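Listed below, chain by chain, are the residues.
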Amino acid sequence: MAESMFLFWGSGSPPCWRVTIALEEKKLQGYKGKVLSFEKMEHKSDDVLKINPRGQLPSFRHGNIVLNESIGICLYLENQFKSQGTQLIPESGAEQALVYQRMFEVLSMQEKVGKFPLASPVCQLLLCFFLASKRGCQPSR
């Protein structure tokens, strides 16, 4: 199953971390991946542009499905592999709403502040681990 997955990612990129953490949490360690250098502009290579015309990372392929936004990839993994590994999104509608609220609060805050560099990686990791659980939303395992 994970063998049909491929991830282009860049070291030091919080959105890429989000996807690699979700893959690990969902126990999908058999995926193929390639770490690209932003400094060498490898994310603008023909291989990446074939699946992501914007040349941004992460870029993810699972069979014929291609996704290029980290939150979309994480939600896809949770939906496709719901019973595998860690449950990333709670079952309860109220708990889901808290998780989504926290996710979008972080994104909105980054837009308003201009993606401030010191907090961005921290915010992205917190988002990935759904710290909404600290505010009453407890995803089950």
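Above: the structure in question.
Thresholds, definitions, all that
- Residues numbered from 1 in each chain as written.
- Predicted model: local features only at pLDDT ≥ 70, side-chain atom pairs only at ≥ 80, totals over all residues.
- Heavy atoms only, no water.
- Phe/Tyr/Trp six-rings, centres within 6.5 Å; stacked < 30°, edge-to-face > 60°.
- Buried < 20%, exposed > 50% of the residue type's maximum accessible area, 1.4 Å probe, protein only.
- Pairing = 2+ DSSP bridges.
- Helix = DSSP H or I, 4+ residues; strand = E, 2+ residues; numbered from the N terminus.
- Axes fitted to C-alpha atoms, helices over the stretch in contact; angles between N-to-C directions.

J.: Describe the packing of aromatic side chains, naming the residues involved and giving the relevant values.
T.: Per the counting criterion, the structure on display carries two aromatic pairs. Ring centres 4.8 Å apart and planes at 75 degrees place the aromatic pair F6 and F8 in the edge-to-face group. Neither residue differs from the other here; F6 and F8 are each classed as buried.

J.: Could you give me a rundown of the sheet that holds strand 3 (residues 59-62), with the residues and numbers involved?
T.: Strands sit in the order 2-1-3-4 across an open sheet of four strands; the sheet is mixed. The sheet is open, and its two edges are formed by strand 2 (32-36) and strand 4 (65-67), each paired on a single side. In this sheet, adjacent strand axes meet at a mean angle of 10 degrees when their direction is disregarded. Pairing analysis gives four bridges linking strand 1 (residues 5-10) to strand 3, with the strands arranged antiparallel. Bridging from a neighbouring strand, F6 pairs with R61 of strand 3.

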